[in-house]
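The chain contents come next:
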Amino acid sequence: SHPFILSAPSEVDGEKPSRGRVVCITSGKGGVAKTTSAASFALGLAHAGCKICVVDFDVGLRNLDIHLGMERRVVFDLVNVMLGEANLKQSLIKDKRNENLVMLAASQTRDKDVLTVEGVEKVLAELTSLFDYVILDSPAGIESGAKHAMYFADDAIIVTNPELS
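Residues numbered from 1 in each chain as written. Predicted model: local features only at pLDDT ≥ 70, side-chain atom pairs only at ≥ 80, totals over all residues. Heavy atoms only, no water.

1. Thoughts on the overall build of the protein
Broken down by element type, the protein carries six helices and six strands. A compact globule built from 165 residues would reach a C-alpha radius of gyration of about 15 Å, and the protein, at 15 Å, matches this within 12%. Overall size of the protein, expressed as C-alpha extent along the three principal axes, is 45 × 40 × 35 Å. By residue count, 49% of the 165 residues in the protein fall in the buried class. Counting contacts in the protein only where the partners sit at least 6 residues apart, residues at least 24 apart contribute 75% of the total. Summed over its atoms, the accessible surface of the protein is roughly 8,400 Å², and 53% of this surface lies on carbon and sulfur atoms. Of the charged side chains in the protein, 17 are positive and 22 negative; the average position of the first set lies 5 Å away from that of the second. (Helix = DSSP H or I, 4+ residues; strand = E, 2+ residues; numbered from the N terminus. Rg over C-alpha atoms; globule rule 2.2 N^0.38 Å. Buried < 20%, exposed > 50% of the residue type's maximum accessible area, 1.4 Å probe, protein only. Contact = heavy atoms within 4.5 Å. Areas by Shrake-Rupley, 256 points an atom, 1.4 Å probe, with all protein chains shown as cover. Lys, Arg positive; Asp, Glu negative; His and termini not counted. Charge placed at Lys NZ, Arg CZ, Asp CG, Glu CD.)

Printed below as a string of structure tokens:
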């Protein structure tokens, strides 16, 4: 009952996509530079002229805002939007260096169990109507935040490193 899921490639491939593309940056391991990769990928696409929103899905442990130098400007976050406590326009933080880049922060005060498929779908549907790419910075592992970040992704970039652990 989720029309947004499994809609690629026809809706996002080709010259005239009907919505923005959702790309999840993920890994099963922590400390492999997912957030650094998400921030760099988002900024690179923004520099190329694409309209980008990068979303931090690491609820309870956000740090994408720090990577992008936006940590002092977070007022509302992903969970506030999902729960209807704030609207998207109030919650998106514009990058000061590139007008094509905005960020939606993760909540630091809520638990990751607050994420729901319906809530995430609602937020992503709105974001993909506004942006060329929506980049999802997934938390490590396969818990709730990571699963919700991957659920609606058109593409995934899996970050790895050769460290033996």
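2. What about the nonpolar core?
If you look at the biggest cluster of nonpolar residues, it comprises 24 residues, and the most contacted ones within it are Val55, Leu104, Leu127 and Leu136. Of all the secondary-structure elements, those providing two or more residues to this core are strand E1 (21-26), strand E2 (52-56), helix H3 (78-82), strand E4 (101-104), helix H5 (117-130) and strand E5 (133-137). Sequence-distant contacts of leucine 127, defined by excluding residues within four places in its chain, comprise Cys53, Val55, Leu88, Leu92, Leu104 and Val134. One finds Ala39, Leu64, Met70 and Leu101 within the second-largest nonpolar core, a separate group that totals 22 residues. (Core = buried A, V, L, I, M, F, W, Y, C linked by side-chain atoms within 4.5 Å.)

3. Description of the pattern of salt bridges
By the definition in use, this model includes five salt bridges. Note that glutamate 85 and arginine 110 form a salt bridge whose closest N and O atoms lie 2.8 Å from each other. With glutamate 85 in the loop between H3 and helix H4 (88-91) and arginine 110 in the loop between E4 and H5, this residue pair connects regions lying 25 residues apart in the sequence. On the basis of relative accessibility, which here comes to 28%, the residue arginine 110 falls in the partly exposed class. As a salt-bridge pair, arginine 97 and aspartate 95 come within 2.6 Å of each other at their nearest N and O atoms. When its relative accessible area of 52% is taken as the criterion, arginine 97 is described as exposed. Aspartate 95 sits in the buried class, given a relative accessible area of 7%. (Salt bridge = Lys/Arg side-chain N within 4 Å of Asp/Glu carboxyl O.)

4. Let's talk about the pairing of E2
Side-chain direction in a regular strand flips from residue to residue, so the side chains alternate between the two faces of the sheet. Among the five residues of E2, five are classified as buried, and the element is accordingly described as predominantly covered. Of the two faces of E2, the one carrying Ile52, Val54 and Asp56 and the one carrying Cys53 and Val55 are both buried. Bridge count for E2 against E5 is five bridges, and the pairing is parallel. Looking at E5, one finds that aspartate 56 is bridged to aspartate 137. (Pairing = 2+ DSSP bridges.)

5. Some remarks on the packing of aromatic side chains
Considering all chains together, one arrives at one aromatic pair under this definition. Consider the rings of tyrosine 151 and phenylalanine 152, whose centres lie 4.8 Å apart with planes at 85°: the pair is edge-to-face. Exposure remark for tyrosine 151: the relative accessible area of 37% places this residue in the partly exposed category. Judged by its relative accessible area of 2%, phenylalanine 152 falls in the buried class. Over the face of the ring belonging to phenylalanine 131 we find lysine 51, whose NZ or CZ atom lies 5.7 Å from the ring centre. (Phe/Tyr/Trp six-rings, centres within 6.5 Å; stacked < 30°, edge-to-face > 60°. Lys NZ or Arg CZ within 6 Å of the ring centre and 35° of its normal.)

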